[in-house]
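Here's the letter readout for the chains.
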Amino acid sequence: MSTITVPAITVPDNANVFSALIDPARDPGRVFMENADGRVIRFGEVPTITARYAGLLASEGVGKGDFVAGILEKSPEAVLLYLAACRLGAVYVPVHIGLTDAEISHILGDARPKLVICDPTRANVVRQHVVRTAGCSCLTLDAGGAGSLIASSETMPAESALQSVAPSDPNAMVYTSGTTGRPKGALLSAGSVIWNARSLAACWGITESDTLLHANPMAYGLFGTTTPALAGGAAMILLPKFEAESVLAALPRATIFAGVPTYYARLMADPRFDRALCAGMRLFVTGSAPMRPDAFEALTERTGHRLLDRYGLTEVLIATSNRPDDSRRPDTSGKPLPDSTIRIVDEQGEPVPTGTVGMIELRQPYPFLGYWQDPEKTAQAFRDGWFRTGDFGRLDAQGYVSVLGRGADLIISGGLNVYPREVEAAVNALDGVTESAVIGVPHADFGEAVLAVVQLSGEAESFDTSAAIAALKRSLAGYKVPKRIELVAEMPRNTLGKIQKNLLKARFEGAFRG
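Since the model is a prediction, treat every value here as computed from it, not as a measurement. All residue numbers refer to position in the chain's written sequence, counted from 1. Whole-chain, interface and lining totals are the exception, using all residues; otherwise, since this is a predicted model, local features are given only for residues with pLDDT of at least 70 and side-chain atom pairs are given and counted only at 80 or more. Excluding hydrogens and water, the side-chain values take into account all heavy atoms of the structure.

Regarding the overall build of the protein chain
Stated precisely, the cut-off is as follows: Helix and strand labels come from DSSP, where a helix needs a run of H or I of at least four residues and a strand needs a run of E of at least two; each type is numbered from the N terminus. Here the globule rule is a power law, 2.2 Å times the number of residues to the power 0.38, and the radius of gyration is based on C-alpha atoms. Type-normalised accessible area, obtained with a 1.4 Å probe on protein chains alone, sets the label of each residue: buried when under 20%, exposed when over 50%, and partly exposed for intermediate values. Contacts are assigned to residue pairs with any non-hydrogen atoms lying within 4.5 Å of each other.
A tally of regular secondary structure across the protein chain gives 15 helices and 26 strands. Radius of gyration (C-alpha) of the protein chain: 23 Å, near the 24 Å computed for a compact globule of 514 residues. Counting only C-alpha atoms and orienting by the principal axes, one finds that the protein chain spans roughly 70 × 50 × 45 Å. Buried residues in the protein chain amount to 55% of all 514 residues. Within the protein chain, contacts between residues at least 6 apart in sequence are counted, and of these 66% link residues at least 24 apart.

The structure is reproduced here in structure tokens:
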């Protein structure tokens, strides 16, 4: 494998994201995006379509700094809408279409966008809400009819000027995925979006010869998946959502696939997912949740590819990543992106020795702008210019980061710190376990007791929790061993596939009472 050299990443003084990510020199006849129904948008069409979309947004009163919310199924037009908002210097607010009406209402009521573009299936509830609370217009992203973005934009000019944007100007407001509470809006600067996209494109070696198979949700896959592909000039195949059958059918035409561990588990369950099918692939990227080491190695044995892990947060996008020529161990998420720095600190904010567990703090050239209308929470997110991720982890001597879990998930049992990811790795290694989630629940003696919630594989005929706890005592210190193991048919997950530990804690908080 050839070594990928990462150059210095630059952001222009005029940091309009459209002009930074869409290179006019690219072959206009080359495929830009292909939808699941076979519909194709070519690079030469992008300037015209986005100019017309931008003209329509402007006719609705959208200008620089205004919020535009998109509640959309994944499609080329949804990505082009984001790029059109970028042309105007507007702030795009991606809202996951899979959220409930109440969750969408919360986000719209909090952001109060100037304009909402939504899928026709959500139009009635969105229009009722925006008329009642936000007082803004709502368009749908369908092919025709009154109030349709696509149909209405056809009469707009095919060219428009690009708004001048400073690197520190906001480009997007992304709501946190809400695994522990109500989501809050995180403001991302144009500089951050450009720097992150270009950094990942360089780290992953993305070029015009690549094709990204995109199965991640639109709202959460826009940054960290779509924008690096745009920066590198890759083509994209868009799938509405992850379905193993659709992914398997499209893999022979792709070179890059990015997904959460759940996606890979479902692919590995199909015998067609093998070396022959993956022969044309260059990178399989994982993240957003820990990958079991045995599953990591099993994928390599089956396909001949080693997963490339990365670590990110809504507020800072992707913070660390392995490079293709790294060893790519299952216990690390790579190194910080170019020009950024990670440090591990104790509770007082003092750096800890190499290999010691502490809180992960991050410094990037274009920092997170803050939480929407919450200056107190924004101030708490920083310490001396370092962003406080809220995650526990450690750095090894080579600078690789291992993430051990959210600080909110830390268990203090009998005065001793227990890091859930370490215990989960041991539980996952037990025969019959598909996945586990380790939580702390109230205990009269220990304050918190370690409890493991386990989902068994379909092949598991029986599972003796007492025997499992006895086995864990041979691999974990006594205070880390779960006091109890609970079995569930299926883990509760958010729309990105992350286990919602807050729901598990609520369910099992009385496990040691009485």
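Things to note about the nonpolar core
Going by this rule: Working definition of a nonpolar core: buried Ala, Val, Leu, Ile, Met, Phe, Trp, Tyr and Cys residues. They are joined through side-chain atoms within 4.5 Å.
Core analysis: the largest hydrophobic core is formed by 72 residues, its most contacted members being Phe32, Leu57, Tyr82, Leu83, Ile117 and Phe223. At 10 residues, the largest contribution of residues to this core is made by helix α3 (residues 76-88). If sequence neighbours within four positions are ignored, Phe223 has contacts with Tyr82, Asn171, Ala172, Val174, Leu188, Val193 and Leu317. Within the second largest apolar cluster, 25 residues are counted, among which are Leu248, Val260, Tyr263 and Met268.

Side note on the packing of aromatic side chains
Selection rule: A pair of Phe, Tyr and Trp rings is counted when the ring centres sit within 6.5 Å of each other, with Trp represented by its six-membered ring. The angle between the planes then sorts it: under 30 degrees is stacked, over 60 is edge-to-face, the rest tilted. In this scheme, Lys NZ or Arg CZ marks a charge over a ring once it lies within 6 Å of the ring centre and within 35 degrees of the ring normal.
If you walk through the whole model with that rule in mind, you get 14 aromatic pairs. With centroids separated by 5.6 Å and ring planes inclined at 75°, the aromatic side chains of Phe368 and Phe387 adopt a geometry described as edge-to-face. Here the residue Phe368 occupies a position in the loop between β17 (358-363) and β18 (370-371), and Phe387 occupies one in strand β20 (residues 386-395), the gap between them amounting to 19 residues. The exposure class of Phe368 is buried, given its relative accessible area of 6%. Where Phe382 meets Phe387, the ring centres are 5.6 Å apart and the plane angle is 70°; that geometry is what we call edge-to-face. On the basis of relative accessibility, which here comes to 23%, the residue Phe382 falls in the partly exposed class. Through successive ring pairs, a cluster of aromatic residues spans Phe257, Tyr264, Phe273 and Phe284. In this structure, Arg87 packs its charged tip against the face of Phe18, placed 4.7 Å from the ring centre. Stacked on the ring of Phe446, the Lys or Arg Lys483 has its end atom at 4.5 Å from the ring centre.

A word on the environment of Ser168
Structurally, Ser168 can be placed in the loop between α6 (149-153) and β7 (170-175). Considered as a pair, Ser168 and Tyr311 are 143 residues apart in the sequence and their alpha carbons are 23 Å apart. Other than its neighbours up to four places away in sequence, Ser168 contacts Ser189 and Leu369.

Regarding the sheet that holds strand β15 (residues 335-336)
Pairing between sheet strands relies on hydrogen bonds along the backbone, with the strands arranged either parallel or antiparallel. Applicable threshold: Here the rule is simple: two strands pair whenever DSSP picks up at least two bridges between them. Convention adopted: a line fitted to C-alpha atoms gives each axis, helices being fitted over their contacting stretch, and angles between N-to-C directions are expressed from 0 to 180 degrees.
The nine strands are arranged β2-β1-β10-β9-β11-β12-β13-β14-β15 in an open sheet whose pairing can be described as mixed. Among the strands making up the open sheet, the edge pair consists of β2 (40-42) and β15. As defined by bridge partners, strand β14 (residues 317-321) adjoins β15 across two bridges and the pair is classed as antiparallel. Residue pairing in the sheet places Thr320 in a bridge with Pro336 of β15. Contacts from helix α10 (residues 261-268) reach β11 (256-259) and β12 (283-286), with the element oriented near 115° to β11.

Observations regarding the pattern of salt bridges
To be explicit about the condition: For salt bridges, the criterion is a side-chain nitrogen of Lys or Arg within 4 Å of an Asp or Glu carboxyl oxygen.
The full count for this structure, using the stated rule, is 19 salt bridges. One salt bridge connects Glu245 with Arg272, and the closest N-O pair in it is separated by 2.7 Å. Of the two residues, Glu245 sits in helix α9 (residues 244-250) while Arg272 sits in the loop between α10 and β12, which places them 27 residues apart along the sequence. For Glu245, a relative accessible area of 49% gives the class partly exposed.

Points about the environment of Val401
Inspection of the secondary structure assignment puts Val401 in strand β21 (residues 401-406). Through-space distance from the C-alpha of Val401 to that of Asp274 is 30 Å; in sequence the pair is 127 residues apart. Those residues in contact with Val401 that lie beyond four places of it in its chain are Thr320, Asp331, Thr332, Ser333, Gly334, Ile342, Ile360, Arg394 and Leu395.

Observations concerning the pairing of β20
Of all 10 residues in β20, seven are buried; the element is thus mostly enclosed. Of the pairings in the sheet, the one linking β17 to β20 comprises four bridges and is antiparallel in character. Following the sheet pairing, Met359 is matched in β20 by Phe392. Relative to β20, strand β19 (residues 382-383) runs antiparallel, the two sharing two bridges. By the bridge assignment for β20, Arg383 is matched with Trp386. Hairpin connection, β19 to β20: the antiparallel pair is bridged by two residues, and Asp384 has positive phi, about 55°. Sheet analysis places β20 next to β21, joined by five bridges and oriented antiparallel. Residue Asp391 lies in a different strand from β21, and its bridge partner there is Arg406.

So, α10
Since the α-helix advances by 3.6 residues per turn, residues separated by three or four positions end up pointing in the same direction. For α10, the tally of buried residues reaches six of eight residues, placing the bulk of the element in the interior. Considering only its buried residues, α10 is in contact with α9, β11, β12 and α11 (293-303).

Side note on helix α4 (residues 101-111)
Put simply, the rule reads: Arc definition: it is the arc formed by the directions from the helix axis to the C-beta atoms.
Taken together, the buried positions of α4 are Ile104, Ile107, Leu108 and Ala111. The arc enclosing the buried residues of α4, seen along the axis, measures out at 95°, which places them on a common side. Note on α4: the residue one or two positions beyond its end, Arg112, has a positive phi of about 45°.

Observations concerning the environment of Cys203
Its place among the elements puts Cys203 in helix α7 (residues 190-203). Here the alpha-carbon distance between Cys203 and Leu308, two residues 105 residues apart in the chain, equals 11 Å.

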